[in-house]
Amino acid sequence: MAEQIQKKLQGELEKYQQLQKDLGRAVAARQKLEAQLTENNIVREELELLDASNTIFKLLGPVLVRQELEEAKGTVGKRLEYIAGEIKRYEQQMQELERRSEQHRDALGRLQQELQRGQGKG
């Protein structure tokens, strides 16, 4: 009986550890997106300071290519929307991982109690 509980406990622990790894990766990805969001907001603010007489260049591989102001603003705007959507997606993923992690943590606690009760009787 105790051996069976021990196996269940080990299985739950492995699932819990995998969820924690996944959660860590999601947090890291979200932090990276937050940095990109900040950077793109700064770019947008800088573009707002310019007028049509300013020359704007876009880095395309190793080459700087001339770009129209409105096109640059549109590109940055779309990028900001995309990043915000990705951040929202990662937040939902993190909430789901935290919820599942909590379930596994509860199951681990129950199995540990069960194992302790079984060892106390034996």
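Cut-offs and rules
- Residues numbered from 1 in each chain as written.
- Predicted model: local features only at pLDDT ≥ 70, side-chain atom pairs only at ≥ 80, totals over all residues.
- Heavy atoms only, no water.
- Helix = DSSP H or I, 4+ residues; strand = E, 2+ residues; numbered from the N terminus.
- Buried < 20%, exposed > 50% of the residue type's maximum accessible area, 1.4 Å probe, protein only.
- Phe/Tyr/Trp six-rings, centres within 6.5 Å; stacked < 30°, edge-to-face > 60°.
- Lys NZ or Arg CZ within 6 Å of the ring centre and 35° of its normal.
- pLDDT = per-residue confidence, 0-100.
- Pairing = 2+ DSSP bridges.
- Salt bridge = Lys/Arg side-chain N within 4 Å of Asp/Glu carboxyl O.

### A short note on the environment of glutamate 14
And step 1. By the secondary structure assignment, glutamate 14 is in helix α1 (residues 2-48).
And step 2. The exposure class of glutamate 14 is partly exposed, given its relative accessible area of 47%.
And step 3. Residues glutamate 14 and glutamine 92 lie 78 residues apart in sequence; the distance between their C-alpha atoms is 23 Å.

### Notes on the packing of aromatic side chains
And step 1. One pass over the structure, following the stated rule, counts zero aromatic pairs.
And step 2. The aromatic ring of tyrosine 90 is capped on one face by arginine 89, whose charged end is 4.8 Å from the ring centroid.

### Focus on the confidence of the model for the protein chain
And step 1. Of the residues in the protein chain, 98% have a pLDDT of 70 or more, and the chain-wide mean is 93.
And step 2. The secondary structure element of the protein chain with the lowest average pLDDT is helix α2 (residues 69-121), at 93, and the one with the highest is strand β2 (residues 63-67), at 96.

### Examining the pairing of strand β1 (residues 56-60)
Consecutive residues of a regular strand have side chains that alternate between opposite faces of the sheet.
And step 1. Sheet topology places β1 next to β2; five bridges connect them, and they run antiparallel. Its bridge partner lying in β2, lysine 58 is registered against valine 65.
And step 2. Connecting β1 to the next strand, β2, in antiparallel fashion are two residues, including glycine 61 with a positive phi near 65°.

### Quick word on the pattern of salt bridges
And step 1. Counted according to the given criterion, the structure contains eight salt bridges.
And step 2. Between glutamate 34 and arginine 30 there is a salt bridge whose closest N-O contact spans 3.3 Å. Highlighted residues: glutamate 34 and arginine 30, both in helix α1, separated by four residues, approximately one helical turn.
And step 3. With a relative accessible area of 21%, arginine 30 lands in the partly exposed category.

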